[in-house]
Structures are given as structure tokens and as C-alpha cells.
Amino acid sequence: MDTKSLVGTYNKKGQKIVEPEYMLFEAPRTQEFMTGSEVVKEGIRRASVDVSIAYPITPQSEAAALVGELYVEGYVGEYFRGENEFAVMSECAGASFGGARVFTTTSGPGTLRAYENFPMWAGSRLPILINVMVRGVNSPLSIQPDTLEMGMILETGMLIWHAETAQEFLDFLLAGFIVAEEPDVHIPIAVCIDGFFVSHTKDMVMLPPADITLTPYDPYRSPVPCMDMEVPPIRMMRDPFVMKSNYISYATHASWQQEVRAACERSRKHTIRLIGGLIEEERTDADILIVSSGTAVAQGREAVRLLADEGIRVGIVKIKTIRPFPHEELRQATKNAKLIFVPEFNVAGWMAREIKAILPDNERVIAGPHVCGGMTMPPEVIVKEIKKVLAGRKEAVHG
Amino acid sequence: MDKIKINDEFFDIMPPEYQELVEEATYGKEDRGWKDVGVAKELIEEHSLCAGCPESIAFRYVLACLPNPQDTVMVGSTGCTSLVFPHVAIHNIHSLFGNQNAVASGLKRTLALRFPDKVKDVVVLAGDGATVDIGLDMTLQSWFRQEKFTTICFDNELYANTGGQESGLMQKGFVGKMAPAGKKFDKVPLPEIARDSGCHYVAMMTVSKPNRVEKAIRNAILVAREIGPTYIQLYTPCILEIGKQMMEGLQEMRDSEGPGKRFEFKEYISDEAKVFLDEVDAERKAKKKALRAARA
Ligand SMILES: Cc1ncc(C[n+]2csc(CCOP(=O)(O)OP(=O)(O)O)c2C)c(N)n1
Ligand code: SF4
């Protein structure tokens, strides 16, 4: 099946199949006031999703349930509640191995329970889209947003995008399927949002019409065989490398790991085409920059306003894709900065570590402020952190 | 059925295994069965199990008895069996340890969605650790959900691949690694649990009698295709861990299948499945009769 040839035809729900570019940039949009969970429903409605498997956990339960409504309405081919997140992600794997476009969503402890599957998805080149609504994972129990779990997904081989707003979330969901499924990428993607702040608050969202949908997934564009016995099988190998020789095992594993990571890097061109750059910049000629992702950026913008009132000029770099990490873009955007603040919704400061690892003169990077376990990040906390550091370095930096 | 073809210009550069697969395959052959093991090696030729391991012959029987290999996808799990799957010439998935019934659930539903007018069989084949211990919830839940595929457990009564640790299917009192004072509880009665959990065809046996294995495999796959989940438990002793020689596997199985023994033949068939299997049998007999009449 050539999915391009389906463009302009209608699916069984009467939705017209359109190119992703049309869906994202050209289709007329109407304004709706909706929660992030409702955004999931509207995104999936327009995404030609074949299979979705669900398990409840706060704050994603509502989103997973709304996808169930879509199934009853006939927009999703198959849907059920699995027995736990590890099983759900395994069920998603089976569905994807069989050639379906697969969506699921999870959160916090659910993400960790599912974890073993993520590197397996990536290694098996399964372009599953998982929405991660981040929340605390540690004890004592918390259901509040915390991006610690994103830090734990970093090295699974998956693409990771982090949306700041409901609008961006919608666009990331739609673009995410397309980028993840490109034959030169074809790896899973985690589209992350900050739980509650995006999932549960209402926001203005510009929606494309409900009677159009993305081109469906074509399993035969996969770089690895689809497990449906439609292409001739073969006895794959005489000696399973896992047992035969350490050298063969090493060579196979190492080259495959590199290939999965290279696939992640190759996603850049498609990502730039569909969601703009990997980062967004505002006033990056300033000496002081705030660099972060998700709603920490929104709070950073408030802090910038407060600081401007005091005559301190601060710029912002928003990171949209955590994997691939925008190395070169960040180096360019921060080349004039004397101080780089990285506010984060987690205790570990993994984002600051990522940034420190790739920038020259990385003593410029201040890991903080941090909030964890669900506090909002009051802009005043960011302002305070910036002023504290400035006070200590008065001579060096002129706000 | 369309046979697989190789473009003439490429024929001589294809690996010999592949040429053979194309020329000799029994894909599409009705009434394939265990007797094809000696001649049809296209589905499995070599294996990397220990010499004499009963899993190797069990594997061959299973593959030779698939009613529809050209449209069957298998799902495995980590364990000794995962060393065999790379040699198997039908699509097979190894994802993780214990999640095989979950993977198969997603797979079967997707294949049903994508190929509504075609039979696509899904068969799970995994060890007892994967089926009964780490994966037990996923095994059972797939049965509760009435997923339409067959689960086959190679019961060697221990975790062989990691060197002989205690398994839920190990017999009580057996001293195994991680059961240093002997296993404390009885062999988990999975066939009974399978029946009560909604399996429509359940069989437990050794692989010492190929006719019986063949019949069970065919029944299980046909019932799963038409009605709902099915389960087969095959005793495939780990000769290495129980200290037997490579020629002793067959005898070990025979010794364990007599009346009152651990692997006395068991079969449960739901009423629905019984009706269906009777129809299948009647059809097959009528076909044979017609064939004989035509020849006479
Ligand atoms: C999550 C996880 N835990 C443990 C292991 C290690 N492991 C690999 S195979 C195996 C035992 C397999 O036993 P069984 O399923 O009975 O199959 P057998 O090797 O006996 O055929 C274990 C524990 C693993 N691969 N993954
Ligand atoms: S370890 Fe045991 S079960 Fe595994 S291949 Fe050897 S004999 Fe067979």
C-alpha cells in the first residue's frame, strides 16, 4: 500500500485523508477551549490510529478513557484496558510488530513499571507514540507533576519531545506519528507534557477540522520486516549471536545500538519540517538566558517580565526535543550568554546536566532552580535564583 | 496458495537455505504433520539447544504440525526456546521475558484488524518460567480476555536458561538452585487453571508420542482461530539440569507419563470446542472418503 495514493480519499468514518503538511499548516483551524486530556482525544481523532491500549493512572486516566470513546465512535480500530503498564506496553509492541499505528499514554509510576519495554521498542524499531503525562515517581507518594521520569527515559533510544502548551501538545501528537514512522527514523516517540499543568487546565487550542485525518501508517515502509507473514520469511541465522561468540555478539549489538541512535538523529530534518526547529529562541543576545523545556519555560517567561521591570534583561531558549538533543542549536543560541539558568520540575537537574555536557565554558550553566513533587515553579523563585547568582558575580555580568 | 518465488536473475546469489525454502517448503500443504519432520526441514533445520534436549524434537513437531505456517506468526520469550527461534523460518517475535501473551494479544488483534478476510494464526511458545512465573498474570489475563491464540508451554520444570532455578512448575521437594532445601509447594496446576480461566482446549502431555502431539497442536490452533484461547503444556525435560545423558530424554518422558504420574495425558475441551472439533473431524473424514472413492 502506498499511503500517498490514499491522500484525497475517505476513510470509513468519512474523514478525508490529508498530507501531514496540510493537517499541520494549511487546514483552516477553529478555536476551542479545552484541557490537555481533551487535546489527546482530538489529536487521536485526526491521526488514523489503528490500536490503542490503556491503563489508568493520574493524571492521564481521562485521556486514556477519552481514546476509548473514540474507539466506540469508530475512529480507532482496536482498544482495550490491559492488565498493567508492563503488559500494556508489551501489547502495544505486539500491535506495532503486526503493522499497526499504535498510541498509548502513561504517567509516573506507570512509566517506570512499563520501562523494560522502551529500549525493546526502540531496538525493535517500533514507531509507537506514547504520551507521557509526567508526575512524581518516588516515595512519599505524589501525583503532582515532576519531570524526573523524563530523565529516566533519556537513554532508551526513543525520541522524546516535550510540549509546553495544549496547542503545542496537539501539534506534537500529530507530527510525532509522522516523524517516528519515517523509514529512516522508525523508532518510538514519547510526547511528554507536564501533568495537571497541561493535562487538566483549559487552554485555547486551534483545532483543524474533525473531518480530515493523517495518512495511515504503511507497515511496508518499515526498515525491518513487519511480523505479518506477508513477506517471505527465512531461517534468519545459523548461530544466534547472543550465545555464539562474544565478538559477534558485541559487533551486532554495538552496531544496532548505534543505528538506533543514528535513527534518532536522522529525525531532525522531519522534525524541523513539521514542528519548526528543535528549539525556540527569544532575545538570545542577552547576557543571561533561561534554558528549559515544558511549562518551566512558561514560568521562565513570567520571570523574564518581572526581571525586565527591574531593568534586568533576560532571554529564553525553549527546548522542544530532548531526543535528539539540540546540541548545535543550543551552542549557537547560547554563544553570547554569560549565565545560563536551567529551571526544572525535578530534583535531579537532568536537563542542566544535558546542557552542561554539550556547551563550552559550562561553568556558565546554573543548575536550578528546582522544584519537585508537584509544586508549581513560581516565577519569583526563578527571579530569586537569578538575582542571587548575579549578586555574587556583580563584576562579571551586567544585567 | 502462491508459492514464494525468487526473481530468476537473483536465484543463484540467494543463500542455499533460501533457495531450499522456496523449492521445498510445505507451505500450503494440507495435512502437514509430524511425519514431515524427516523430509521438510524448511521451518527449522539446526538448533542451538543441548544435544539430545527434548525441546528440539518438541519444536520440530510443533512447527511441522502448524496447519497454516504460511500465515502463522509465533511469539517467544527469553529462555532456551529463544535460542531456537532465530532458526525458525516463520515470522517470530522475541521481545522480553514473560510478556509473550501480552505481545501476542496486541499482535493477534492487529492482524485481525489488518487482514479481516484472511486467517492469521498466532502461537505463543515459551518456557515454564515465562508462562507460569514471571508472566503468569499476562498468561491468565489473555485467557480471561478470550484472546484468540494458542499458548504452548515447554515445561522443563525449571529455569533452564539461567542454570536450573526453581520454577512454579517444578515438582514439590525437588532440590534446585534457589530451592536449596527442596521446592516447598506443589507443581502449579496450570492445565486446570487454564480450563477455569476460559481456555477452550487444554492438553498436557510429554512429547514421546508424536501422533498425540500433532492432534493436540492442530486442535489447539483451530479452536483458537475459531473460538477462543487454548493451552498446551508439553513436558520437555531439561536433561542437563536433571543429570541425564543425551539419549535418555525419551525414556525420562515415558517414565513420567504413566497413570498417576506428573505427565499423565490430560485433555479438556469446552462444549463449544467439542462441537467445532467434531465438525472438523467429520469434514476431514468425508474429504478422505471422497478422495479414496475418486481413486478407486
Ligand atoms: C526480567 C528478566 N528477568 C530475568 C531474566 C533472566 N532469565 C532469562 S531466561 C530465564 C529463565 C527461563 O526459564 P523458562 O521460561 O522456564 O525457560 P527455559 O530456559 O527453561 O526453557 C531467566 C530468569 C530476564 N531475561 N529478564
Ligand atoms: S539447558 Fe536444558 S532445556 Fe535448555 S537446551 Fe539444555 S537440556 Fe534443553
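The coordinates are above.
Note that the structure is predicted; figures quoted are calculated from it, not measured.

Things to note about the overall build of chain B
Part 1 of the reasoning: Within chain B, the regular secondary structure consists of ten helices and seven strands.
Part 2 of the reasoning: On the principal axes, the C-alpha backbone points of chain B span a range of 60 × 50 × 40 Å.
Part 3 of the reasoning: Per-residue burial over chain B gives 57% buried out of 296 residues.
Part 4 of the reasoning: Taking contacts inside chain B between residues at least 6 apart in sequence as the whole, the part at least 24 apart equals 66%.
Part 5 of the reasoning: Counting only carbon and sulfur atoms, one obtains 54% of the accessible surface of chain B, whose full area is about 12900 Å².

Things to note about the site of ligand 1
Part 1 of the reasoning: Close contacts around ligand 1 come from 17 residues, with B:C80, B:G129, B:A130, B:N156 and B:A160 the closest.
Part 2 of the reasoning: Of the chains in the model, those with residues near ligand 1 are chains A and B.
Part 3 of the reasoning: Here an oxygen atom of ligand 1 sits 2.9 Å away from a polar atom, N or O, in the main chain of B:C80.
Part 4 of the reasoning: Contact with the protein chains removes 77% of the 590 Å² of surface that ligand 1 exposes when unbound.
Part 5 of the reasoning: With three residues, the single largest contributor to the shell around ligand 1 is helix α4 (residues 128–133) of chain B.
Part 6 of the reasoning: Of the residues that constitute the shell around ligand 1, the class distribution is seven nonpolar, seven polar and three charged.

Notes on the packing of aromatic side chains
Residues and elements named next belong to chain B.
Part 1 of the reasoning: Within this structure, the stated rule accounts for ten aromatic pairs over all chains.
Part 2 of the reasoning: When the centroid spacing of 5.7 Å and the interplanar angle of 90 degrees are considered together, the rings of F59 and F154 count as edge-to-face. With F59 in helix α2 (residues 54–65) and F154 in strand β4 (residues 150–155), this residue pair connects regions lying 95 residues apart in the sequence.
Part 3 of the reasoning: Relative accessible area serves as the criterion here: at 0%, F59 is assigned to the buried category.
Part 4 of the reasoning: Looking at F154, the relative accessible area reads 0%, which means it is buried.

Observations concerning the interface of chain B and chain A
Part 1 of the reasoning: Listed by partner, the interface residues are 48 residues for chain B and 41 residues for chain A.
Part 2 of the reasoning: When the two sides are added together, the surface that chain B and chain A hide from each other amounts to roughly 3600 Å², 61% of it contributed by carbon and sulfur.
Part 3 of the reasoning: Counting across the interface, chain B meets chain A through six salt bridges.
Part 4 of the reasoning: Between B:K120 and A:E230 there is a salt bridge, and its shortest N-O distance comes to 2.4 Å.
Part 5 of the reasoning: Our count for the chain B to chain A interface comes out at 15 residue pairs in polar contact (both at pLDDT 80 or more).
Part 6 of the reasoning: Going through the elements one at a time, α1 (16–24), β1 (72–76), β2 (92–94), α3 (100–114) and α5 (136–144) of chain B are the ones with two or more residues in the side of chain B that touches chain A.

Details of the site of ligand 2
Part 1 of the reasoning: Around ligand 2 sit B:L49, B:C50, B:C53, B:C80, B:N156, B:A160, B:C238, B:I239 and B:L240, and those are all the residues in its vicinity.
Part 2 of the reasoning: Taken together, the residues of the shell around ligand 2 sort by class into eight nonpolar, one polar and no charged.

Considerations on the sheet that holds strand β11 (residues 279–282) of chain A
Part 1 of the reasoning: Strand order in this open sheet of five strands is β11-β13-β12-β15-β16 (chain A), and the pairing throughout is mixed. Edge strands, defined here as strands with exactly one partner in the open sheet, are β11 and β16 (365–366) of chain A.

So, helix α14 (residues 350–358) of chain A
Residues separated by three or four positions in an α-helix point in the same direction, a consequence of the helix having 3.6 residues per turn.
Part 1 of the reasoning: Considered for burial, the residues of α14(A) that qualify are A:W350, A:M351, A:A352, A:E354, A:I355 and A:I358.
Part 2 of the reasoning: The secondary structure elements touched by the buried residues of α14(A) are α7 (148–153), β12 (288–292), β13 (314–319), β14 (321–323), α13 (327–333) and β16 of chain A.

Some details on a negative patch on the surface
Part 1 of the reasoning: Residues B:D278, B:E279, B:D281 and B:E283 make up a contiguous surface patch of negative charge.
Part 2 of the reasoning: Position of B:E283 relative to the elements: it lies in helix α10 (residues 271–295).

Description of the packing of α3(B) against α5(B)
The geometry of a pair of packed helices is captured by two quantities: the angle between their axes and the separation between those axes.
All names here are of chain B.
Part 1 of the reasoning: The contact between α3 and α5 brings their axes to 7 Å, and the two run at 35 degrees. Along its contact with α3, which presents N101, A102 and S105, the element α5 presents M138, T139, S142 and W143.
Part 2 of the reasoning: Here the residues of the contact of α3 with α5 are counted per class, giving three nonpolar, four polar and no charged.

Concerning the pairing of β13(A)
Residues and elements named next belong to chain A.
Part 1 of the reasoning: Within β13, six of the six residues are buried, which leaves the element mostly enclosed by the surrounding structure.
Part 2 of the reasoning: Burial along β13 is two-sided: the residues V314, I316 and K318 and G315, V317 and I319 are all buried.
Part 3 of the reasoning: Of the pairings in the sheet, the one linking β12 to β13 comprises five bridges and is parallel in character. Note on β13: the bridge partner recorded for V291 is V317.
Part 4 of the reasoning: Once you follow β12 into helix α12 (residues 295–309) and on to β13, the crossover reads as right-handed.

Considerations on the pattern of salt bridges
Part 1 of the reasoning: For the coordinates displayed, the defined rule picks out 49 salt bridges over all chains.
Part 2 of the reasoning: Close ionic contact of A:D171 with A:R29 constitutes a salt bridge, the shortest N to O distance being 3.1 Å. Of the two residues, A:D171 sits in helix α8 (residues 166–181) while A:R29 sits in the loop between α1 (20–26) and β2 (30–35), which places them 142 residues apart along the sequence.
Part 3 of the reasoning: Measuring nitrogen to oxygen at the nearest pair gives 3.1 Å for the salt bridge that ties B:E241 to B:K177. Placement of the pair is B:E241 in helix α8 (residues 239–242) and B:K177 in the loop between β4 and α6 (190–196), with a sequence separation of 64 residues.
Part 4 of the reasoning: Salt bridges linked by common partners bring A:E164, A:E168, A:E280, A:E282, A:R301, A:K318 and A:K320 together as one network.

Rules used in this analysis
- Residues numbered from 1 in each chain as written.
- Chains lettered and ligands numbered in written order.
- Predicted model: local features only at pLDDT ≥ 70, side-chain atom pairs only at ≥ 80, totals over all residues.
- Heavy atoms only, no water.
- Helix = DSSP H or I, 4+ residues; strand = E, 2+ residues; numbered from the N terminus.
- Buried < 20%, exposed > 50% of the residue type's maximum accessible area, 1.4 Å probe, protein only.
- Contact = heavy atoms within 4.5 Å.
- Areas by Shrake-Rupley, 256 points an atom, 1.4 Å probe, with all protein chains shown as cover.
- Near = heavy atom within 4 Å.
- Polar contact = N/O pair within 3.5 Å; in protein donor to acceptor, adjacent residues only side chain to side chain.
- Nonpolar A, V, L, I, M, F, W, Y, C, P; charged D, E, K, R; others polar.
- Phe/Tyr/Trp six-rings, centres within 6.5 Å; stacked < 30°, edge-to-face > 60°.
- Buried area = accessible area lost by both parts, 1.4 Å probe.
- Salt bridge = Lys/Arg side-chain N within 4 Å of Asp/Glu carboxyl O.
- Pairing = 2+ DSSP bridges.
- Patch = residues over 30% accessible without salt bridge, like charges linked within 9 Å, V, L, I, M, F, W, Y side chains within 5 Å.
- Lys, Arg positive; Asp, Glu negative; His and termini not counted.
- Charge placed at Lys NZ, Arg CZ, Asp CG, Glu CD.
- Axes fitted to C-alpha atoms, helices over the stretch in contact; angles between N-to-C directions.
- Right-handed = clockwise from strand over helix to strand, strands pointing away.

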